[in-house]
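# An overview of the molecular structure
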There are 2 protein chains.
Amino acid sequence: MTADHTIAEPPAPPPPPLAPFLPAPRRSAAEEARTLVAANRVGSLATLSADGAPWASIVTYGALGDGSPVLCVSTLAEHGRNLHRDTRASLVVSADAGDGDPLDVGRVTLAGRAFVPDGWEEDAARAAHVAAVPQAAQLAGFGDFSLWILRVDRVRWVGGYGRMQSAEADAYAAAEPDPVEPVATRARDHLNDDHADALLAMARALAGYTDATSARCDGLDRYGLNLRVQTPRGEAPARVGFGEPVARAADLRAATVTLARRARRP
Amino acid sequence: MTADHTIAEPPAPPPPPLAPFLPAPRRSAAEEARTLVAANRVGSLATLSADGAPWASIVTYGALGDGSPVLCVSTLAEHGRNLHRDTRASLVVSADAGDGDPLDVGRVTLAGRAFVPDGWEEDAARAAHVAAVPQAAQLAGFGDFSLWILRVDRVRWVGGYGRMQSAEADAYAAAEPDPVEPVATRARDHLNDDHADALLAMARALAGYTDATSARCDGLDRYGLNLRVQTPRGEAPARVGFGEPVARAADLRAATVTLARRARRP
């Protein structure tokens, strides 16, 4: 390190709530991992080259009911030859940062051993892969392409700066992908565009920011809404939770309406 | 493989040109690799865990003038601990498939050994990383973050289905990222929206498809245009080359105009 660097002032901590606030649960690391895996179909695979060096490559995947990724791999590809030699592998899947900070998005690494399924397990694997990657229908199981299932032993989730957690393999297998995820972006935009008053009421009544002057929704999930609250004391992140987890995407609207009513209850 | 699969008919080969056509060079594998690395800033890193198993993770990177990736890695992250133990690493970078076929896009794997630079090399590495990832300005070289340069020994480029090639490390270091890449999508759309007549003239006069009824541009680069040509005999891919490689993005328009004039020359 040379001497001409200046370290920026650490940012001031956000202002705390002024009143009691409702508990607002979040997705577990296992749920975050399952949600990321379900929401995507392209990841990067790490395998071992002949000399034991790590090799990174792009793969498509689907997922079985327990979250095990199903890859469709050409034996002509380096990673295909690698898996035949050593079945240890690791798959990383990331949310898309768009134009935002590329390190401030969720990603998950699944590590374990891959195997080539047969019988009913091959049929299930093919169905899972093709459901995610319809283009693979012509490839899966033919010619030089093989289906591989990655049996997950380790799960490491990173949610952005300073948010990271491992999950047990059993917890990963048992967790459910968030059913709200596919509609979350649209729902967030709708709330910000058309329901700023409801978001402000939630920030004041449910998140303890009684002095809030406005609030925007930064994202939402089956357990609740992330808010960005403006107050005369500065900006603060906050979270408000649904009364109970949303079971289906179709129920999100009703859950949000209930939350808004609760915020406005005298 | 079970018995109930049907293999689709292989598609008919596209109709050939009817007249002589101009040679149309393409980017080399080394140029494709350099272009992909220059156009992106997020990749996946494969490193080795303590037990020698491969570990995949998301990293941001910038690139030095010879295309060597510069990573900014936390020693608290698993891949940071891995690199300190074994410096062998591999970085894969992929174009964004958007809603298209995720396997029909370019990607490149760079493999080699990573090292922590010092002195002027550290300064160059920091500048390269921060140029690509401004958010890292607060991190690079401070606290638990270290800059690592990946010295590239192997380069493997895949351009989509059936297009793949390795490049020598020397050729990769010497190649130039395509200066046209940052404006290629916009230029393609402009040609398709406003210059369908010029594309048709190119297909007829320069690509040998004298019976072409229409042509669209599928993509372009410093060496030429990829066309999708409609004929009474079916659809065909074609390529038309610029007289000489485009040196700067700002010269692309003039090169395309010259090509269109040449196609219309009686």
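Everything numeric here is computed off the predicted structure, so don't read it as measured data.

### What about the overall build of chain A?
- Per the secondary structure count, chain A includes 7 helices and 10 strands.
- The principal-axis extents of the C-alpha atoms in chain A amount to approximately 65 × 55 × 30 Å.
- Expressed as a percentage of its 266 residues, the buried residues of chain A come to 45%.

### Looking at the domain arrangement of chain A
- On domain assignment, one finds that chain A holds domain 1 (29–174) and domain 2 (181–264).
- For domain 1 of chain A versus domain 2 of chain A, the separation of C-alpha centres amounts to 33 Å.

### What about the interface of chain A and chain B?
- Facing the 41 residues of chain A at the interface are 41 residues of chain B.
- Within the residue set of the side of chain A that touches chain B, elements represented by two or more residues are strand E1 (42–48), strand E2 (54–63), strand E4 (88–94) and strand E5 (107–115) of chain A.

### Section: the relation of the copies chain A and chain B
- Each copy of the sequence occupies a distinct position, and chain A is placed on chain B by a rotation of 180 degrees and an axial shift of 0.0 Å, giving an RMSD of 0.0 Å. Classification of the inter-copy transformation places it as that of a two-fold axis.
- Same-surface contact between copies: 100% of interface residues of chain A are shared with the interface of chain B.

### A short note on helix H3 (residues 119–132) of chain A
- Taking 1.5 Å as the rise per residue, H3 of chain A with 14 residues should run 20 Å; its terminal C-alpha atoms sit 21 Å apart, in good agreement.
- Taken together, the buried residues of H3 of chain A touch E2, strand E3 (69–74) and strand E6 (145–160) of chain A.

### A few points about the nonpolar core
- Counting residues in hydrophobic clusters, the biggest one holds 91 residues, and the most contacted among them are Ala33 and Val155 of chain A together with Ala33 of chain B.
- Ignoring any residue separated from it by four or fewer positions in sequence, one finds valine 155 of chain A in contact with Ala30, Ala33, Val108, Leu110, Ser166, Ala167, Ala169 and Tyr172 of chain A.

### Describing helix H6 (residues 196–205) of chain B
Residue and element names in this part refer to chain B.
- Among the 10 residues that make up H6, 7 are buried, leaving the element largely enclosed by the rest of the structure.
- Listed as buried for H6 are Leu199, Leu200, Ala201, Met202, Ala203, Arg204 and Ala205.
- Where H6 is buried, its residues contact helix H5 (181–194), strand E8 (214–221), strand E9 (224–231), strand E10 (234–241) and helix H7 (252–264).

### Details of the pairing of strand E3 (residues 69–74) of chain B
Residues and elements named next belong to chain B.
- The element E3 is extensively covered by neighbouring structure, given that 5 of its 6 residues are classed as buried.
- The antiparallel hairpin formed by strand E2 (residues 54–63) and E3 contains 5 residues in its connecting segment, where glycine 67 sits at a positive phi of about 85 degrees.
- Here E3 runs beside strand E6 (residues 145–160); their pairing, made up of 5 bridges, is antiparallel. Paired with valine 73 across the bridge in E6 is serine 146.

### Quick notes on the sheet that holds E9 of chain B
All names here are of chain B.
- Strand order in the open sheet made by the 3 strands is E8-E9-E10, with antiparallel pairing throughout. At either margin of the open sheet sits one strand with a lone partner, and together these are E8 and E10. Averaged over all pairs of adjacent strands, the angle between strand axes in this sheet comes to 25 degrees, irrespective of strand direction.

### Digging into the environment of leucine 220 of chain B
Residues and elements named next belong to chain B.
- Position of leucine 220 among the secondary structure elements: in strand E8.
- Assessed through the 26 C-beta atoms surrounding it within 10 Å, leucine 220 is described here as buried.
- Counting along the chain gives 18 residues from leucine 220 to alanine 238, while the straight-line C-alpha distance between them is 12 Å.
- Those residues in contact with leucine 220 that lie beyond four places of it in its chain are Val180, Ala184, Ala187, Arg188, Leu225 and Asn226.

### Considerations on the pairing of E6 of chain B
All names here are of chain B.
- The sheet contact formed by strand E5 (residues 107–115) and E6 spans 9 bridges and is antiparallel. In the sheet register, alanine 114 faces E6, and the bridge partner there is leucine 150.
- Of the strand pairs in this sheet, E6 and strand E7 (residues 163–167) are connected by 5 bridges, and their pairing is antiparallel. Opposite valine 155, over in E7, you have alanine 167 as the bridge partner.
- Taking the residues between adjacent antiparallel strands as the criterion, E6 and E7 are bridged by 2 residues, where glycine 162 takes a positive phi near 70 degrees.

### Section: the environment of threonine 231 of chain A
Residues and elements named next belong to chain A.
- Here threonine 231 shows up in strand E9 (residues 224–231).
- Note on threonine 231: 20 C-beta atoms within 10 Å, which makes it buried.
- Separated by 16 residues in the primary sequence, threonine 231 and alanine 247 have C-alpha atoms spaced 33 Å apart.
- Excluding residues that lie within four positions of it along the chain, threonine 231 makes contacts with Pro15, Tyr209, Asp211, Ala212, Thr213 and Ala236.

### As for the sheet that holds E9 of chain A
All names here are of chain A.
- The strand order across the open sheet formed by 3 strands is E8-E9-E10, and the pairing between neighbours is antiparallel. The open sheet has two free edges, formed respectively by strand E8 (214–221) and strand E10 (234–241), since each of these has just one partner strand. On average, each strand axis in the sheet is inclined to that of its neighbour by 25 degrees, with strand direction left out of account.
- Taken together, the 8 bridges between E9 and E10 define a ladder with antiparallel strand orientation. Of the residues in E10, the one forming a bridge with glycine 224 is glycine 241.
- Of the strands in this sheet, E8, E9 and E10 touch helix H6 (residues 196–205), which is tilted by about 90 degrees from E8.

Rules behind the numbers
- Counting restarts for each chain, with residues numbered from 1 along the sequence as it is written.
- Chain letters start at A and ligand numbers start at 1, both assigned in the order the entries are written.
- Given that this is a predicted model, residues contribute local features only at a pLDDT of at least 70 and side-chain atom pairs are listed and counted only at 80 or more, while totals for whole chains, interfaces and linings are drawn from all residues.
- Strands here are runs of E lasting at least two residues and helices are runs of H or I lasting at least four, both read from the DSSP assignment and numbered beginning at the N terminus.
- In this scheme the burial state of a residue depends on its C-beta neighbours within 10 Å: 20 or more other such atoms mean buried, 12 or fewer mean exposed, and anything in between means partly exposed; the C-beta positions come from the backbone.
- Marked domain ranges trace back to an automatic or database domain assignment.
- Two residues qualify as being in contact provided that their C-beta atoms, derived from the backbone, are within 7 Å of each other.
- C-alpha atoms of residues with pLDDT of at least 70 in both copies form the basis for the least-squares superposition of the copies.
- Here, expected helix span is obtained from the residue count minus one, scaled by 1.5 Å.
- Note on definitions: a nonpolar core is a set of buried residues drawn from Ala, Val, Leu, Ile, Met, Phe, Trp, Tyr and Cys, linked by C-beta atoms within 7 Å.
- When DSSP finds at least two bridges between two strands, those strands are taken to pair.
- Orientation is described by lines fitted to C-alpha atoms, with helices fitted over the stretch in contact, and by angles between N-to-C directions that extend from 0 to 180 degrees.

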